[in-house]
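Coordinate inspection notes
Listed below, chain by chain, are the residues.
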Amino acid sequence: TKRATRALVAGARDGARAGPAELAPSLGAFRHGVIVRGHRAVPAWRVRGGIGPARVTASHRVAHRGFAAGDAAGSGKNGDDEESDEGAEEGDEGDGEWEDALEGVPVEALELRDAVPDDQGAMADRTLPVYGITGAPTGETVTLPGRHFDVPLRVDIAHRVVAWQRSKRRGVYAKTLTRSEVSGTTRKARAQKGAGRARVGTLRAPQMRGGGVAHGPNGMRNWNTKLQRRVRRAGLQVALSAKAAEGRIVVLDSLHRGVEPKTQWLDGALDTLLGAQSLAAGGRAHSVLCAEIPPTLEQGGLPARRTCARTGRKLPAVHSNAKRASLNLPHVQVMDQFGLNVYDVLRHRSLAITRDALDALVARLDRPIKPDRAKWSAPQTTPDAAEVLDWTSRGHLREVDKERKKEDVFKRRAAKKAGARV
């Protein structure tokens, strides 16, 4: 423990000298495959095999550890520099092992910005490289259209959409029992006359102890509000533009191919891909929203079950490898691009989207809000002559069919009577 503490001090000093933009160097290594980072011990699998640079940046570690940024950093409460120097000299033995472990680790894919650029909102296109899930660049590039990813940041529109979403998600849980619903006796409390007291109709009345509640919530309140579709689309464009302005959008080639459906593997891959800049509050877990087009069973998708939001029933579904691996990660959410919404985009620190999901998202945003039926309707086969008629004509045909059926019934009855007479 003493050796690890000295190595921790040496790593913090080196990180403070390196500057906040660089990744944190070694904080010491145990012989049993555990590396000390920040406030906790991290298994060595995070830095083996090119998965996972240090999660905590130098400035973040110095602020939380209480070290001063500079050469005057002390080793503990007393600030003894001599002990720090000795600990640094004795802790140099594990530096080679750390450097070997970090060899070949890719650079973080996020292009973070300290402030929103001055030309934000000019609807200018932006080109981003495509990365693999492990952080290795594929050499391809995609273009983020400025009409969707560089619109002016209207906070009021985003607020309206988020309030609308949360109102629709709000459930009605307040419910009280009225005098007709509360459990109680139906016997007559006392005699109607002769006692000199007020007459009592039922013991379940609101004024009685244990009776029902008058004018209480009945569990049927509706919190839903209406919001125009053009405002909803504008809110999604504002959210995407905010992530693009912050440099927190990364484009991936796939979230299924080359991904192991293991939580530990995905967490380490996110370490390499996003680094410490996508950690949620507390710096212990990644906060990223992943948008994809789920694979089918023929494409190797994993069979699963999902809960219907309306009925609560379990329905069959298909999960990708990343979706299966993210179920145990609290702040990592993998969803279909069709469900991409303002609240989830703003709730996560980063946004990762696949190439095919990006194309589908752009096509969905480009579609007119009120499309022309003749232009946007799916091609259909040539209908029959009866199907071409409108609903009024169809109703007329149904009336004609009823009359024909009546005539047939009358003819059969007449034929029966004629046969009986004969």
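Residues numbered from 1 in each chain as written. Predicted model: local features only at pLDDT ≥ 70, side-chain atom pairs only at ≥ 80, totals over all residues. Heavy atoms only, no water.

1. Describing the overall build of the protein chain
For clarity, the threshold we go by: Secondary structure counts use DSSP, requiring at least four H or I residues in a row for a helix and at least two E residues in a row for a strand, with both numbered from the N terminus. Exposure categories follow from relative accessible area, calculated using a 1.4 Å probe and restricted to protein chains: below 20% of the type maximum is buried, above 50% is exposed, and the middle band is partly exposed. Contacts are assigned to residue pairs that have any heavy atoms within 4.5 Å of one another. Where accessible areas are quoted, they stem from the Shrake-Rupley method and a 1.4 Å probe; at the residue level, only the protein chains shown are allowed to cover.
Helix and strand counts for the protein chain come out as 14 helices and 10 strands. Buried residues in the protein chain amount to 37% of all 422 residues. Taking the intrachain contacts of the protein chain between residues at least 6 apart in sequence as the baseline, contacts between residues at least 24 apart amount to 69%. As displayed, the protein chain has an accessible area near 26,600 Å², and 51% of this comes from carbon and sulfur atoms.

2. Comments concerning the nonpolar core
Note the threshold: The set of buried Ala, Val, Leu, Ile, Met, Phe, Trp, Tyr and Cys residues whose side-chain atoms join them within 4.5 Å is what this entry labels a nonpolar core.
Residues Phe-149, Leu-240, Leu-340 and Leu-361 are the most contacted members of the largest nonpolar core, which totals 31 residues. Not counting residues up to four positions away in its chain, the partners in contact with Leu-340 are Leu-236, Leu-240, Leu-289, Ala-291, Met-335, Val-345, Leu-351, Leu-361 and Arg-364. Counting 22 residues, the second largest nonpolar core, distinct from the first, contains Ile-133, Val-250, Val-259 and Val-334.

3. Describing the pattern of salt bridges
Stated formally: The salt bridge criterion pairs a side-chain nitrogen of Lys or Arg with a carboxyl oxygen of Asp or Glu, the two atoms within 4 Å.
Throughout the structure, instances matching the rule amount to 8 salt bridges. A salt bridge links Asp-366 to Arg-147; the shortest N-O distance between them is 2.9 Å. Highlighted residues: Asp-366 in helix H11 (residues 355-366) and Arg-147 in helix H5 (residues 146-149), separated in sequence by 219 residues. By relative accessible area, which is 36% here, Asp-366 ends up partly exposed. Put simply, Arg-248 and Glu-246 hold a salt bridge, and the shortest N to O gap is 3.6 Å. On the basis of relative accessibility, which here comes to 12%, the residue Arg-248 falls in the buried class. Taken together, the salt bridges that share partners define one network made up of Arg-169, Asp-344 and Arg-347.

4. Let's talk about the packing of helix H6 (residues 155-169) against helix H7 (residues 229-246)
For clarity, the threshold we go by: For helices, the fitted axis covers only the stretch in contact; all axes are lines through C-alpha atoms, and the angles between them, taken along N-to-C directions, range from 0 to 180 degrees. An angle below 35 degrees is treated as roughly parallel, one above 145 as roughly antiparallel, one from 65 to 115 as roughly perpendicular, and anything else as oblique. By definition, turning the near helix anticlockwise from the far helix through less than a right angle yields a left-handed crossing, and turning it clockwise yields a right-handed one. In the scheme used here, Gly and all other residues not listed as nonpolar or charged are polar, with Ala, Val, Leu, Ile, Met, Phe, Trp, Tyr, Cys and Pro taken as nonpolar and Asp, Glu, Lys and Arg as charged.
In the contact formed by H6 and H7, the axes pass within 8 Å of each other and the chain directions differ by 115°. In this view, H6 runs roughly perpendicular relative to H7, as classed from their interaxial angle. In the packing of H6 onto H7, the handedness of the crossing is left-handed. The segment H6 lies against H7, with Ile-157, Ala-158, Arg-160, Val-161 and Trp-164 engaging Val-231, Arg-232, Ala-234, Gly-235 and Val-238. Split by residue class, the contact of H6 with H7 holds 7 nonpolar, 1 polar and 2 charged.

5. Points about the pairing of strand S8 (residues 314-319)
The test is simple: Strands qualify as paired when DSSP identifies two bridges or more between them.
In terms of strand pairing, strand S7 (residues 302-307) meets S8 through 6 bridges, oriented antiparallel. Paired with Leu-302 across the two strands is His-319, which belongs to S8. Between the end of S7 and the start of S8, which pair antiparallel, lie 6 residues, with Gly-312 showing a positive phi angle near 80°.

6. Topic: the environment of Gly-135
In this structure, Gly-135 sits in the loop between strand S3 (126-131) and strand S4 (137-144). A C-alpha to C-alpha distance of 7.9 Å links Gly-135 and Leu-274, two positions 139 residues apart in sequence.

7. Some points on the sheet that holds S3
Strand order across the open sheet formed by 6 strands is S4-S3-S5-S10-S6-S9, with mixed pairing between neighbours. Edge positions in the sheet fall to S4 and strand S9 (332-336), since each of these pairs with one other strand and no more. Pairwise comparison of adjacent strand axes, ignoring direction, gives a mean angle of 30° for this sheet. Taken strand by strand, H7 contacts S3, strand S5 (249-252) and strand S10 (350-354), and its axis lies near 95° from that of S5. In this fold helix H8 (residues 263-274) packs onto S3, S5, strand S6 (288-292) and S9, with an angle of close to 120° to the strand it touches most, S5.

8. Comments concerning the packing of H7 against H11
When two helices pack together, their arrangement is given by the angle between their axes and by how far apart the axes lie. At a closest axis distance of 11 Å, the pairing of H7 and H11 adopts a crossing angle of 140°. Classified by the angle between their axes, H7 and H11 sit oblique to one another. Crossing of H7 against H11: the hand is left-handed. Residues Arg-233, Leu-236 and Leu-240 of H7 lie in contact with H11, whose contacting residues are Leu-361, Arg-364 and Leu-365. Within the contact of H7 with H11, the residues separate by chemical class into 4 nonpolar, no polar and 2 charged.

9. Overview of the confidence of the model for the protein chain
Note the following rule: Values of pLDDT, which run from 0 to 100, indicate the predictor's confidence residue by residue.
For the protein chain, the average pLDDT comes to 75, and 67% of its residues sit at 70 or higher. Per-element confidence in the protein chain is highest for helix H10 (residues 342-347), whose mean pLDDT is 96, and lowest for helix H2 (residues 58-65), whose mean pLDDT is 35. In the model, residues 387-395 has pLDDT below 50 throughout and makes 5 contacts with residues more than four positions away in sequence or in other chains.

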